[in-house]
Amino acid sequence: PAIITAGMSTDIPLASNAQVPTFQIQNRPVPQGEPEPQSSVYMASENYFRTLGIPLLQGRTFDKTDHAQAPQVVIINQTLARQHWPDEEPLGKRILLSGMPGGWRTIVGVVGDVKDKGLKDQAGAASYVPMLQAPVYQIQLFVQTTTPPMQVVPDIRSIVRSLDSE
């Protein structure tokens, strides 16, 4: 009962080791001789943005319908939106993230920037893929509580153990 919300991601803000692959924008070839654009990529659960207080600026966040058999989606941060769609709406546009399963992904949301490397660094371009569409083997759990956080650790451990004893 002390847990307000919980979310998961592959990385921790301010201490990220996220992949930074290239990506393509559908119907927008990269001019010859120019590098392909890059974006940090994070896998995130449906309550990740709410739990960390990352504001939704446009569109929507992930939900349970964003599973592996559903159309592939992505949420981008405002830096990526500003860099590649400065004068147009990014929602509904499609990108292909190198090395990610699922093919072309439709942008369904734009969220605020998060400093992922440190407080002194500017936020870079970031893309978020639903965990249900790109399963991962290691996750970080974020929990917002009404009590001191360490008080809920035994309950969280018990819940996780009941889901997967290994």
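Procedures and definitions
- Along each chain, residue indices are assigned from 1 in the same order as the chain's sequence is written.
- Owing to the predicted nature of the model, reporting of local features is limited to residues with pLDDT of at least 70; listing and counting of side-chain atom pairs is limited to 80 or more, with chain, interface and lining totals taken over all residues.
- As a rule here, side-chain values come from all non-hydrogen atoms in the structure, and water together with hydrogens is ignored.
- A run of H or I in DSSP becomes a helix once it reaches four residues, and a run of E becomes a strand once it reaches two; helices and strands are each numbered from the N terminus.
- A radius of gyration in this sense is built from C-alpha atoms; the matching globule rule multiplies 2.2 Å by the number of residues raised to 0.38.
- Remark: exposure states derive from per-residue accessible area (1.4 Å probe, protein chains only) relative to the maximum for the residue type, with buried under 20%, exposed over 50%, and partly exposed in between.
- Note on areas: Shrake-Rupley with a 1.4 Å probe; residue coverage comes only from the protein chains shown.
- Counted as positive: Lys and Arg. Counted as negative: Asp and Glu. His and the chain ends are not counted at all.
- Where a charge sits is defined by one atom per residue type, namely NZ (Lys), CZ (Arg), CG (Asp) or CD (Glu).
- By definition in these notes, contact holds between two residues if any of their heavy atoms fall within 4.5 Å.
- Only protein atoms enter the calculation, which uses a 1 Å grid: trapped sets of points that fit a 1.4 Å probe without letting it out are cavities, open sets showing protein on both sides within 12 Å along at least five of seven lines are pockets, and any residue with an atom within 4 Å of a point is a lining residue.
- Grid points are joined across faces, edges and corners, and a volume is the space filled by probe spheres set on the points.
- Under the scheme applied, nonpolar residues are Ala, Val, Leu, Ile, Met, Phe, Trp, Tyr, Cys and Pro; charged residues are Asp, Glu, Lys and Arg; polar residues are all the others, including Gly.
- If DSSP finds at least two bridges between two strands, the strands pair.
- To form a nonpolar core, buried Ala, Val, Leu, Ile, Met, Phe, Trp, Tyr and Cys residues must be joined to one another through side-chain atoms within 4.5 Å.

J.: What should I look at first to understand the overall build of the chain in this one?
T.: Within the chain, the secondary structure is distributed over three helices and nine strands. Beginning at the N terminus, the succession of helices and strands in the chain can be written as β-β-β-α-β-β-α-β-β-β-β-α. In summary, the chain has a C-alpha radius of gyration of 17 Å against a globular reference of 15 Å for 166 residues, a match within 12%. Here the C-alpha coordinates of the chain stretch approximately 55 × 40 × 25 Å along the principal axes. In the chain, which comprises 166 residues, the proportion classed as buried is 39%. Summed over all atoms, the accessible surface of the chain reaches about 9700 Å², with 54% contributed by carbon and sulfur. One way to put it: in the chain the 13 positive side-chain charges average out to a point 3 Å from where the 15 negative ones average out.

J.: Help me understand the environment of Ala 123, please; the structure alone is not making it clear to me.
T.: Note on placement: Ala 123 falls in the loop between strand 7 (105-111) and strand 8 (126-130). The exposure class of Ala 123 is buried, given its relative accessible area of 18%. When the C-alpha atoms of Ala 123 and Leu 97 are compared, they prove to be 19 Å apart, with 26 residues separating the residues in sequence. Setting aside anything within four residues of it in sequence, one finds Ala 123 in contact with Thr 79, Asp 113, Val 114 and Lys 115.

J.: I tried to follow the layout of surface pockets on my own but got confused; where do I start?
T.: Over the atoms rolls a probe the size of a water molecule, and in doing so it shows where empty space is left. What the largest pocket holds in volume is close to 310 Å³. Contributing elements (two or more residues each) for the lining of the largest pocket: strand 1 (3-9), strand 9 (140-145) and helix 3 (153-163). It is helix 3 that provides the largest number of residues to the lining of the largest pocket, a total of four residues. In terms of residue class, the lining of the largest pocket is built from ten nonpolar, no polar and one charged. Quantified by volume, the second largest pocket comes out at close to 260 Å³. As for the second largest pocket, its lining consists of 14 residues, of which Met 8, Ser 45, Glu 46, Asn 47 and Leu 132 are closest to the centre. Ranked by the residues each element gives to the lining of the second largest pocket, the list is headed by strand 1, at three residues. For the lining of the second largest pocket, the residue count by class is seven nonpolar, three polar and four charged.

J.: Before we go on, may I ask you to explain empty space enclosed by the protein in this structure?
T.: A complete count under the given rule lists one cavity of 30 Å³ or more for this structure. Taken as a whole, the largest cavity spans an internal volume of roughly 90 Å³. Considering the residues around the largest cavity, the lining is formed by 14 residues, among which Tyr 42, Tyr 48, Val 114, Asp 116 and Tyr 128 are closest to the centre. Listing elements by their share of the lining of the largest cavity, those giving two or more residues are strand 3 (40-44) and strand 8. Partitioned by chemical class, the residues of the lining of the largest cavity number nine nonpolar, three polar and two charged.

J.: When you look at the pairing of strand 6 (residues 94-97) in this model, what are you seeing that I'm missing?
T.: Where a strand is regular, its side chains alternate between the two sheet faces. Burial along strand 6 is one-sided: the residues Ile 95 and Leu 97 are buried and none of Arg 94 and Leu 96 is. The pairing of strand 2 (residues 23-25) with strand 6 spans three bridges and is classified as antiparallel. Along strand 6, the bridge assignment pairs Ile 25 with Ile 95. Looking at chain direction, strand 6 and strand 7 are connected through two bridges and run antiparallel. What sits directly across from Ile 95, in strand 7, is Arg 105.

J.: Please clarify how the nonpolar core should be interpreted in this entry.
T.: It is characteristic of soluble globular proteins that their nonpolar side chains tend to be buried jointly. Within the largest apolar cluster, 18 residues are counted, with the highest numbers of intra-cluster contacts made by Met 43, Ile 76, Trp 85, Ile 95, Leu 97, Met 100 and Val 129. At the level of elements, strand 2, strand 3, strand 5 (73-77), helix 2 (78-84), strand 6 and strand 7 are the ones that each hand at least two residues to this core. With residues near it in sequence (within four places) discarded, Val 129 still touches Val 41, Tyr 42, Met 43, Ala 44, Phe 62, Val 73, Val 74, Leu 97, Met 100, Arg 105 and Ala 134. Counting residues in hydrophobic clusters, the runner-up holds 14 residues, among them Tyr 42, Phe 62, Val 73 and Ile 75.

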